[in-house]
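This is what each chain is made of:
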Amino acid sequence: MKNIFVIGCLLLMACGSGNKQTNTTDTLKTDSTSAPPATNIPIHFRQINGYFVKNTLNQKDSIACWVIQSQPIFDNIFGAAKTMNNTVDTINFDREVLLAATLPASFEKRTLGLTNYKLDGPVLHVQLSVNGGKKESYSSTAAWLGAVQDIAGLKEIKFYNGDLLIATIPLLK
């Protein structure tokens, strides 16, 4: 029951109104209580495919950014889009952190993509791009999902649309 309350609170924060940026975080899993800052280590980043944004998410922000570190939170926002011809990627929340960005539902075919990423000390910078397309007869919600290994000392994720900072999400220890 407590988990349902926490999940409900997180979803309420995600569905805020106005032009506020939507940020969702849960705790960073680490075995060390005083991990050194992450510097000069290779980042293993991979795009996650095969998921859609659930229609229970009523997003009003231009771009909502997410840092998700547990399966229950992920399951409340995204669903598997399994067909006969595709593969749905899996996420190991014990070793990975899921980064995601979503756009509001639109009748225009839009895509989100990763342009660049860089680890700078305890901050991971993630640069995204939004591309528009032709009008459709139905609405859809564009989403980008990527998994990065759980990095000791990582304190926050900064999301950018091109060079414009759109969200800073601190990781809770």
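Residues numbered from 1 in each chain as written. Predicted model: local features only at pLDDT ≥ 70, side-chain atom pairs only at ≥ 80, totals over all residues. Heavy atoms only, no water.

1. Observations concerning the side chain of Thr102
By the element assignment, Thr102 lies in strand S6 (residues 96-102). Not counting residues within four places of it along the chain, the set of residues in contact with Thr102 comprises Val53, Leu57, Gln59, Ser62, Ile63, Ala64, Trp66, Phe78, Leu112, Ala142 and Ala143. (Helix = DSSP H or I, 4+ residues; strand = E, 2+ residues; numbered from the N terminus. Contact = heavy atoms within 4.5 Å.)

2. Brief notes about the packing of aromatic side chains
Counted according to the given criterion, the structure contains 5 aromatic pairs. Here Phe74 and Phe93 contribute two aromatic rings whose centre-to-centre distance is 6.1 Å and whose plane-to-plane angle is 55°, an arrangement assigned as tilted. Note that Phe74 is positioned in helix H2 (residues 71-77) and Phe93 in the loop between strand S5 (78-80) and S6, a separation of 19 residues in sequence. Like Phe74, the residue Phe93 is buried in the burial classification. What links up through ring pairs into an aromatic cluster is the set Tyr51, Phe74, Phe78 and Phe93. (Phe/Tyr/Trp six-rings, centres within 6.5 Å; stacked < 30°, edge-to-face > 60°. Buried < 20%, exposed > 50% of the residue type's maximum accessible area, 1.4 Å probe, protein only.)

3. A word on the pattern of salt bridges
Applying the stated criterion across every chain, the model contains 2 salt bridges. One salt bridge connects Arg46 with Glu96, and the closest N-O pair in it is separated by 2.9 Å. Placement of Arg46 in strand S2 (residues 45-47) and of Glu96 in strand S6 is noted, with a sequence separation of 50 residues between them. The partly exposed category is assigned to Arg46, whose relative accessible area is 31%. Its relative accessible area of 13% is what places Glu96 among the buried residues. For the salt bridge of Lys158 with Glu156, the shortest nitrogen-to-oxygen distance reads 3.8 Å. (Salt bridge = Lys/Arg side-chain N within 4 Å of Asp/Glu carboxyl O.)

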